[in-house]
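Each chain, written out:
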Amino acid sequence: MDIDLSPRLPKKSYGDNGGSYYSWSPSELPMLREGNIGAAKLALEKNGFALPRYSDSSKVAYVLQGCGTAGIVLPEKEEKVVAIKKGDAIALPFGVITWWYNKDDAELVVLFLGETLKAHKRGEFTDFFVNGTNGIFTGFSTEFVCRAWDLDENLVKTLVTKQTGNGIVKLADNFAMTEPKAEHRNGMVLNCEEAPLDVDIKNGGRVVVLNTKNLPLVGEVGFGADLVKLDGSAMCSPGFSCDSALQVTYIVSGSGRVQIVGVDGRRVLETTVKAGNLFIVPRFFVVSKIADPDGMSWFSIVTTPNPIFTHLAGSIGTWKSLSPQVIQAAFNVTPDVEEAFRSKRTADAIFFPPPK
């Protein structure tokens, strides 16, 4: 596969007063188009309001920083208004209408990762705004809108043209936004920083996996996700997705080194990644990471609801499952070398602490 896998930062798509929307372009990150993946970030300043919209892609939203409020309307369902904070993950299936609001001084930043299999453009999200200068109803004639809403012409013109913003606007300090309801979070939001850990290795790392068990809507978006925190100088075992899934990784914090190996043992990527970088691991390619001394964390989606990984190191690695004779034959080594190889990495782990 001759394709550039280098990590990339997003570029601003639109926004000004109230916040900005950033996206990764397939022209700069070709694996987005190749894998039918979309990626974007929403950053809202104080009183920033992202106007109601729906998308041509299913997504997972992950709150990178700040606190705020999100409105979510599933098809033919009542609006759910949820308080969101750093670490929250929300599954957004097709047809969902959302809005986002930040009333705090600190910036609210939300990451969106998803599939673009049915999107208008491969590797890109297209949002359809319900209102604003590029809203759906600006395209309909006044007659059609009057009949649809059962309102007179003057009122319709006010509703359609009064909002002069585009995508993101800034509300007045005294605007009273709909208050979130605690019960609306149930089944809609999972905080990855507070959820029970699926993996916890001392001095190694920790993992929280989003799947159909802890966030049922994951089944509707069609892919899973996880938050991984790798301790300082620790290593994540070389491994690959054995169910033909792509791994889409956003570095949340810290930095570290990444290597990806593909067909014929060819190393296709060796680089340093830092917070804000996004990269994609092709199907069946093997990836491994080593954190810098301050550690590294990342949020990933895997393009299957309940992903399965094969690891090539550690006690749960494939090599430990093979018989000694197969190891000797495969590596062309003597029994004592095979025994030395098998005796290492006996802990049941996918993360390896730094050497002592």
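Residues numbered from 1 in each chain as written. Predicted model: local features only at pLDDT ≥ 70, side-chain atom pairs only at ≥ 80, totals over all residues. Heavy atoms only, no water.

The name that an unreviewed UniProt entry assigns to the protein is Cupin 1, with the source organism given as Dillenia turbinata. UniProt annotates the protein under Sequence similarities (unreviewed entry) with the comment "Belongs to the 11S seed storage protein (globulins) family." (UniProt positions renumbered as here; feature names shortened; annotations may be inferred.)

## Let's talk about the packing of aromatic side chains
When we look at a pair of aromatic rings, we describe it by the centre distance and by the angle of the planes. This structure, assessed with the given rule, holds eleven aromatic pairs. Relative to phenylalanine 299, the ring of tyrosine 62 has its centre 4.3 Å away and its plane inclined at 15°; by these criteria the two rings are stacked. Of this pair, tyrosine 62 sits in strand 5 (residues 59–65) while phenylalanine 299 sits in strand 21 (residues 286–302), and the two are 237 residues apart along the sequence. Residue classification places phenylalanine 299 among the buried residues on the basis of a relative accessible area of 0%. Ring geometry for phenylalanine 140 versus phenylalanine 144: centroids 6.4 Å apart, planes at 15°, classification stacked. Cluster of aromatic residues (ring-pair linked, three or more members): Phe137, Phe140, Phe144 and Trp149. Sitting over the ring of phenylalanine 112, lysine 59 keeps its end group 5.2 Å from the ring centre. The ring of phenylalanine 125 has lysine 59 lying over it, and the distance from NZ or CZ to the ring centre is 4.6 Å. (Phe/Tyr/Trp six-rings, centres within 6.5 Å; stacked < 30°, edge-to-face > 60°. Helix = DSSP H or I, 4+ residues; strand = E, 2+ residues; numbered from the N terminus. Buried < 20%, exposed > 50% of the residue type's maximum accessible area, 1.4 Å probe, protein only. Lys NZ or Arg CZ within 6 Å of the ring centre and 35° of its normal.)

## Comments concerning the side chain of serine 20
Considering the arrangement of structural elements, one finds serine 20 in strand 2 (residues 19–23). Those residues in contact with serine 20, other than ones at most four positions away along the chain, are Lys12, Tyr14, Gly15, Lys41, Leu42, Ala43 and Ile168. (Contact = heavy atoms within 4.5 Å.)

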